[in-house]
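Descriptive analysis of the structure
One-letter residues, chain by chain:
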Amino acid sequence: MRRFVPVTAVLTGALVLAGCGSGDSQDDSKAELSVGGAYMPQPVSDSMAAGFLTVTNKGGAKDELTSVTSDVGDVTAHETVGSSMQEAKDVAVPAHGQLVFKSGGSHLMFEKLKRKPKQGEKVTVKLHFAESGTVTVEMPVKSATYSPKTGH
């Protein structure tokens, strides 16, 4: 009977560790969002501006950007299709992927500006996601000709 005690202890330990591991895979079933590289080129227009940023999802489930709000004006997500821009609704953030808003591609469009943001200021933007809720971003206003090292 003594011979079986160590085997039982090893099997019990293995089962406990396997149970701990399964908890990690459940966490992987959620979106895990972060935002980086946010900026707004100083607007040249009194009524419109653009914004750029990258949403990274390290989680195992996708999410969707459903809307964007800001105290400086109305904000919508736009994508470039062919040679024209169109408003994008419910923009996907893939699992283990990124949603990139960059110059010449998908971007945030600020319209009906209540004030014209100046270089050096920060604009507060709230990104509203279907699953992850709201993420608030402080978007620095850069020069109108700013070109980030990240390429967006």
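Residues numbered from 1 in each chain as written. Predicted model: local features only at pLDDT ≥ 70, side-chain atom pairs only at ≥ 80, totals over all residues. Heavy atoms only, no water.

The name given to the protein in an unreviewed UniProt entry is Copper chaperone PCu(A)C, and the organism recorded there is Streptomyces machairae.

Here we come to the overall build of the protein. Within the protein, the regular secondary structure consists of one helix and ten strands. Of the regular secondary structure in the protein, the N- to C-terminal order runs α-β-β-β-β-β-β-β-β-β-β. The 152 residues of the protein split such that 32% are buried. Summed over its atoms, the accessible surface of the protein is roughly 9,200 Å², and 53% of this surface lies on carbon and sulfur atoms. (Helix = DSSP H or I, 4+ residues; strand = E, 2+ residues; numbered from the N terminus. Buried < 20%, exposed > 50% of the residue type's maximum accessible area, 1.4 Å probe, protein only. Areas by Shrake-Rupley, 256 points an atom, 1.4 Å probe, with all protein chains shown as cover.)

This paragraph deals with the confidence of the model for the protein. Mean pLDDT over the protein works out to 85, with 80% of the residues at or above the 70 mark. Element-level mean pLDDT values for the protein span from 44 in helix α1 (residues 4-27) up to 98 in strand β9 (residues 122-129). pLDDT under 50 marks residues 4-26. Its contacts with residues more than four places away, or in other chains, come to zero contacts. (pLDDT = per-residue confidence, 0-100. Contact = heavy atoms within 4.5 Å.)

Within the structure shown, the criterion is met by five salt bridges. Across the pair K62 and E64 runs a salt bridge whose closest N-O atoms are separated by 3.7 Å. Here K62 falls in the exposed class, since its relative accessible area comes to 51%. The exposure class of E64 is partly exposed, given its relative accessible area of 25%. (Salt bridge = Lys/Arg side-chain N within 4 Å of Asp/Glu carboxyl O.)

Take the side chain of D63 next. By the secondary structure assignment, D63 is in strand β3 (residues 63-70). Put simply, D63 is tucked away with no salt bridge, and the nearest opposite charge, on K62, sits 7.5 Å away. Separated by 2.8 Å, the side chain of D63 and the backbone nitrogen of E131 make a polar contact. Discounting chain neighbours no more than four positions away, the residues touching D63 are A31, L33, N57, V91, A92, V93, F129, A130, E131 and S132. (Lys, Arg positive; Asp, Glu negative; His and termini not counted. Polar contact = N/O pair within 3.5 Å; in protein donor to acceptor, adjacent residues only side chain to side chain.)

A word on the nonpolar core. Core analysis: the biggest nonpolar cluster contains 25 residues, and L53, L65, L108, F110, L127 and M139 have the highest contact counts within it. With sequence-adjacent residues up to four places away left out, M139 is seen in contact with A38, Y39, M40, G51, F52, L53, L108, F110, E121, K122, V123 and V125. (Core = buried A, V, L, I, M, F, W, Y, C linked by side-chain atoms within 4.5 Å.)

This paragraph deals with the pairing of strand β5 (residues 84-87). Note: strand β4 (residues 73-81) against β5, four bridges, orientation antiparallel. Of the residues in β5, the one forming a bridge with E79 is Q86. The loop that links β4 with its antiparallel partner β5 comprises two residues; one of these, G82, has a positive phi angle of about 65 degrees. (Pairing = 2+ DSSP bridges.)

A few words now on the pairing of strand β1 (residues 33-41). Alignment of β1 against strand β2 (residues 48-57), held across five bridges, turns out to be antiparallel. Residue L33 lies in a different strand from β2, and its bridge partner there is N57. The loop that links β1 with its antiparallel partner β2 comprises six residues. Pairing between β1 and strand β10 (residues 133-142): two bridges, direction parallel. The residue of β10 that forms the bridge with P41 is K142.

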